[in-house]
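Commentary on secondary and tertiary structure
The primary structure of each chain is shown beneath.
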Amino acid sequence: MLALPCHARETDPDDIASLSLEALSNVRVTSVSRRSEPVADAAASIFVISGESIRRAGASSLPEALRLAPNLQVARVDARNYAVTARGFNSAFENKLLVLIDGRSVYSPLFSGVFWDAQDVVLEDVERIEVISGPGATMWGANAVNGVINIITKGAGATQGTQVSASYDRDLVTGSVRYGGALAGGLRYRTYLKSSGHDDIGRENGSASPTGWKRSQAGFRADWGQGTDTATVQGDAYTGALHQQGTRDIRIAGANLLGRKSIRLSGGSELTAQAYWDFTERNQPGAFIEHLNTIDVQLQSSVMLAERHRVVWGAGYRQAFDRIDNGAAFAFLPGDLNLHWGNVFVQDEIDVTDTVRLIAGAKLEHNNYTGLEFLPTLRLAWKPTGSSLTWASASRTVRAPSRIDRDFYSPSNPPVVGGVPRYALAGGPDFRSEVAAVLELGYRIQATPALSYSVTAFASDYDRLRTLEPNTRGPGSVFSNLANGRTRGIEMWSTWEAAEALRLSAGFVAQHVRTTTEPESRDASAATGLATSDPSNYWNLRASWDVARGQTLDVLLRHHGKLSRPEVPAYEALDINYTWRVSPGLDLSVNGRNLLDSAHPEFGGGANRSVYERAVGVNLVWRL
C-alpha cells in the first residue's frame with residue numbers, strides 16, 4: 001500500500017518511513033472518505049507515496065515523484081509536459097484525473113486537466129502523496145473520474161530550522177532555501193524560495209525540442225493549535241518562462257492563499273472549513289493570454305451518529321473568473337467568462353457487523369454547462385481480521401465539459417459567408433458530460449509482518465466520450481459525444497521486507513481500453529492531438545537497501561507497454577539513487593536516470609517527438 005524504505009533510521013520522527021511495514025497499514029489517509037482513517041481500512045485502490053520515498057528515489061519534480069505509484073501511468077511528453085493518468089485515457093491533455101495540493105485543486109477549466117509545468121513544491125516538504133485509482137467523484141466532484149492525486153505537505157512544526165538544497169544533472173538545475181520557526185502562542189511557520197531551470201531536450205530526429213523552462217517560486221505555511229482545534233494559513237507565488245517553438249517564451253505566473261480551520265467536537269465529530277483564492281496567468285504567444293482567478297469555499301463535517309454509524313457531509317462553492325485575450329490561431333469565446341461549481345455531498349458509513357461496513361454516498365454538483373450532476377457511490381468492506389480487507393464498489397462519475405469542449409473556436413477570425421463565420425474547428429454547443437459507471441473489487445492484506453500486497457480488479461463503462469465531428473450546421477468540425485468506451489483491468493502491488501535492511505516492492509497494471517464510435521460518427525480527434533493512448537500493461541520493481549548506517553541505495557526498474565496511437569515502442573527504464581548522510585544535517589545523493597539505453601521516447605509520434613537520454617546528477621540537502 002505504501003512506497004516506503006526500510007527499517008527505522010535517523011530520520012524525522014514524524015516521517016512515516018520510520019515505521020515498520022506492519023505499522024504502515026495504520027498510517028492514516030484522508031482522500032478516500034475525506035476523514036482520517038487507517039490506510040488498511042480504506043475501501044478504495046489507494047497507494048501512498050511517502051516523503052521519505054521521494055527523497056530516497058531522488059525524484060526531481062512532482063511528475064517524476066508520481067512514477068513511484070504503481071497505479072499511475074506517467075509518460076513524459078517533452079521537457080515541461082507530462083501525460084499522467086490512472087486506468088487509461090492518457091494524453092498530453094488528460095482530463096479525467098483530479099489533482100490537489102494541500103486541498104487546493106490545480107485543475108484548469110480550459111481543458112479539465114493540469115498544466116504540470118506550473119505545479120511545484122519543495123519536495124523535501126512533502127509528507128505524502130495519496131494516489132487513488134478509480135472514481136472519487138462523490139467526495140471530490142466531477143472530473144475525479146479515473147482517480148485522485150492528493151499532494152499533502154508537512155505541517156510547519158515538522159519543518160523547523162533552515163534547509164538548503166541544490167541539485168544538478170545534465171538538463172535540470174534546482175535550488176531551494178527553506179526556514180521554519182516558531183512564535184508565541186504555539187504558532188509554527190515556514191517560508192521558502194525555490195528556483196529551477198531545465199534545458200531544452202533532444203528529439204528523435206536529432207534536433208532540439210524547445211520546451212525547456214525556468215521557474216521561481218516562494219511561499220509560506222503557518223500552523224497553530226493542536227489536538228481539538230487547529231488552523232492553517234499557507235500561500236505560494238511563482239513566475240516562469242517556458243520555451244516554445246518559433247515564439248518568445250510562454251510566461252506563467254500565479255499566486256494562491258489558503259486558510260483552513262478544524263475543530264474536533266465531543267463524541268469524535270469534526271468540523272472543517274476551508275477557503276482559498278488562486279490566481280494563474282498564462283501568456284502563450286500565438287495562442288492566448290489567460291488571467292484566471294478562482295475563489296473556493298468548503299465546509300465539511302464528520303459526525304458520529306452512533307457507535308457504529310458515521311456521516312461525512314459537506315458543501316462547497318467555487319467561482320472562477322476566466323479572462324482570455326485570444327490570439328489569431330484559435331479563441332475561447334466568450335473571452336471573459338465566469339464559471340461556477342456548487343455542490344453538496346453526504347456519505348454514510350454503517351458498521352453492519354463487527355467485520356462488515358457499508359458506505360453509501362452521493363454528491364449533487366452544479367456547473368455552468370450541464371447544470372446538475374448526480375455522483376453516487378456504494379461501497380462494501382469486509383475486514384475479517386485486523387490485517388486483511390476485501391471491498392467492492394459501484395460508482396457513477398462524470399467529466400463535466402471544459403472550455404475547450406464548449407468555447408473553443410479556430411481560427412479566431414474566420415471568413416464570414418452570408419453572415420455566418422466559417423470556423424474550421426469549434427466547441428460543441430451541445431457537448432454534454434462524459435459519464436462513467438465503474439465497478440471495483442479489491443483485496444489487501446498484511447500477510448506476514450514482512451509481506452503485504454493489494455489487488456484491485458476494475459470494470460468501467462464510459463458513455464458520451466468526446467469526438468470531433470463534421471459540423472452539421474455549417475462548415476468545419478465541432479466537438480461532440482459520439483464515442484463510448486470500456487476498460488477492464490487489474491492493478492496490484494506488494495512490498496516485502498526481504499531483510500532488515502532491504503525492502504523490495506513491485507507493482508503491475510494490466511488493462512484493456514477499448515473505445516468505439518457511434519455509427520453516425522466521423523471522428524477526427526486523432527488528428528488534433530486530443531486522442532488518448534494507453535499501454536496494455538506497465539509495471540515497476542523497486543529495491544530500497546540500507547547499505548550501511550547513513551547510506552541508502554534505491555533502484556527503480558519500470559516497464560511501459562507499447563502505445564499504438566501514436567505508436568511508441570515498449571521500453572524499460574532504470575533509475576538508481578545513492579544517498580550518503582555525511583553528517584546528521586547533510587545528505588549527498590548521486591543518481592542515474594534512464595540507464596538502460598542511450599535515449600527513448602515516452603509519448604507522442606513522429607520524428608519530432610522528444611527523447612530522454614541517460615543522465616547522471618547530484619543532489620545536496622543541508623539542514624542547519
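See the structure shown above.
Residues numbered from 1 in each chain as written. Predicted model: local features only at pLDDT ≥ 70, side-chain atom pairs only at ≥ 80, totals over all residues. Heavy atoms only, no water.

Observations regarding the overall build of the protein
Secondary structure assignment for the protein yields 5 helices and 43 strands. With the C-alpha coordinates aligned to their principal axes, the bounding extent of the protein is approximately 75 × 60 × 50 Å. Within the protein, the proportion of its 624 residues that are buried is 55%. A fraction of 60% describes how many contacts in the protein between residues 6 or more apart in sequence connect residues 24 or more apart. Here the protein has roughly 24100 Å² of accessible surface; of this, 59% comes from carbon and sulfur atoms. (Helix = DSSP H or I, 4+ residues; strand = E, 2+ residues; numbered from the N terminus. Buried < 20%, exposed > 50% of the residue type's maximum accessible area, 1.4 Å probe, protein only. Contact = heavy atoms within 4.5 Å. Areas by Shrake-Rupley, 256 points an atom, 1.4 Å probe, with all protein chains shown as cover.)

A few points about the pattern of salt bridges
Evaluation of the coordinates by the stated rule reveals 46 salt bridges. For the salt bridge of D575 with R593, the shortest nitrogen-to-oxygen distance reads 4.0 Å. Of this pair, D575 sits in strand β39 (residues 571-583) while R593 sits in strand β40 (residues 586-593); the two residues are 18 residues apart in sequence, bridging distant segments of the chain. Residue classification places R593 among the buried positions, given a relative accessible area of 16%. (Salt bridge = Lys/Arg side-chain N within 4 Å of Asp/Glu carboxyl O.)

Quick word on the environment of H309
Note that H309 resides in strand β21 (residues 309-326). Judged by its relative accessible area of 21%, H309 is partly exposed. Between the C-alpha atoms of H309 and V352, which are 43 residues apart in sequence, the distance is 9.0 Å. Sequence-distant contacts of H309, defined by excluding residues within four places in its chain, comprise V303, M304, D348, E349 and I350.

Thoughts on the environment of W539
Its location among the elements puts W539 in strand β35 (residues 537-548). When the C-alpha atoms of W539 and T280 are compared, they prove to be 35 Å apart, with 259 residues separating the residues in sequence. Apart from residues no more than four positions distant in its own chain, W539 is found in contact with G507, F508, L557, R558 and H559.

Details of unusual backbone geometry
Backbone torsion omega between L333 and P334 reads 0 degrees, so that peptide bond is classified as cis. Of note, the amide linkage connecting S410 to P411 takes the cis form, showing an omega dihedral of -5 degrees. Among the structural elements, P411 can be located in the loop between β27 (408-410) and β28 (416-417). Not every positive phi belongs to a glycine, and F89 is a case in point at roughly 65 degrees. Within the secondary structure, F89 is located in the loop between β6 (82-85) and β7 (97-101). Judged by its relative accessible area of 4%, F89 is buried. Positive phi, normally seen in glycine, also occurs at R464, with a value near 65 degrees. Its location among the elements puts R464 in strand β32 (residues 451-470).

Points about the nonpolar core
One finds I49, I54, L66, L72, V84, I129 and I149 to be the most contacted residues of the largest nonpolar core, which totals 30 residues. Breaking this core down by element, the ones donating at least two residues are β4 (45-50), α2 (51-57), α3 (62-66), β6, β7, β9 (126-133) and β10 (147-153). Membership of the second largest hydrophobic core comes to 16 residues, among which are V32, V48, M139 and A144. (Core = buried A, V, L, I, M, F, W, Y, C linked by side-chain atoms within 4.5 Å.)

Here we look at the side chain of D41
Looking at the element boundaries, D41 is found in the loop between β3 (37-38) and β4. Only 2.3 Å separates the side chain of D41 from the side chain of K383, close enough to count as a polar contact. If we ignore the near neighbours within four places in the chain, the residues touching D41 are R357, K383 and L389. (Polar contact = N/O pair within 3.5 Å; in protein donor to acceptor, adjacent residues only side chain to side chain.)

Concerning a nonpolar patch on the surface
A cluster of nonpolar side chains, F220, L257, W277, I295, V297, Y317 and F321, forms an exposed patch at the surface whose accessible area comes to about 570 Å². Looking at the nonpolar patch, the elements that each hand over two or more residues are β20 (288-306) and β21. Here F220 is to be found in strand β16 (residues 213-226). (Patch = residues over 30% accessible without salt bridge, like charges linked within 9 Å, V, L, I, M, F, W, Y side chains within 5 Å.)

Examining the packing of aromatic side chains
All told, the structure shown has 13 aromatic pairs when counted by the stated rule. With a centroid separation of 6.1 Å and 90 degrees between ring planes, the pair formed by Y107 and W341 is classed as edge-to-face. Taken together, the residues span a long stretch of sequence, with Y107 in the loop between β8 (104-105) and β9 and W341 in strand β23 (residues 336-351) at a distance of 234 residues. When sorted by exposure, Y107 lands in the same class as W341, which is buried. Ring geometry for F288 versus F332: centroids 6.0 Å apart, planes at 90 degrees, classification edge-to-face. Note that F288 is positioned in strand β20 and F332 in strand β22 (residues 331-332), a separation of 44 residues in sequence. Each member of the pair, F288 together with F332, is buried. Connected via pairs of aromatic rings, a cluster forms that spans F288, F330, F332 and F408. Looking at R34, its charged tip hangs above the ring of W140, at a distance of 4.4 Å from the centre. R282 extends its terminal NZ or CZ atom over the ring of F115, reaching a point 3.9 Å from the ring centre. (Phe/Tyr/Trp six-rings, centres within 6.5 Å; stacked < 30°, edge-to-face > 60°. Lys NZ or Arg CZ within 6 Å of the ring centre and 35° of its normal.)

Concerning the side chain of N481
When you line up the elements, N481 lands in strand β33 (residues 477-499). Relative accessible area serves as the criterion here: at 8%, N481 is assigned to the buried category. Polar contacts involving the side chain of N481 include one to the main-chain carbonyl oxygen of R464, which spans 2.8 Å.

Points about the pairing of strand β12 (residues 172-182)
The side chains of a regular strand alternate between the sheet's two faces. Of the strand pairs in this sheet, strand β11 (residues 161-168) and β12 are connected by 8 bridges, and their pairing is antiparallel. When the bridges of β12 are listed, S165 appears paired with S176. Between β11 and the antiparallel strand that follows it, β12, lie 3 residues. Pairing between β12 and strand β13 (residues 188-198): 11 bridges, direction antiparallel. In the strand pairing of β13, V173 is matched with G197. Between β12 and β13, which pair antiparallel and follow one another directly, the connecting turn spans 5 residues, one of which, G185, has a positive phi of 90 degrees. (Pairing = 2+ DSSP bridges.)

Considering the environment of D523
With respect to the helices, strands and loops of the structure, D523 is situated in the loop between β34 (502-517) and β35. Residues within four places of D523 in sequence aside, it is in contact with T467, L468, E469 and T517. A polar contact is formed between the side chain of D523 and the backbone nitrogen of L468, at a distance of 2.8 Å.

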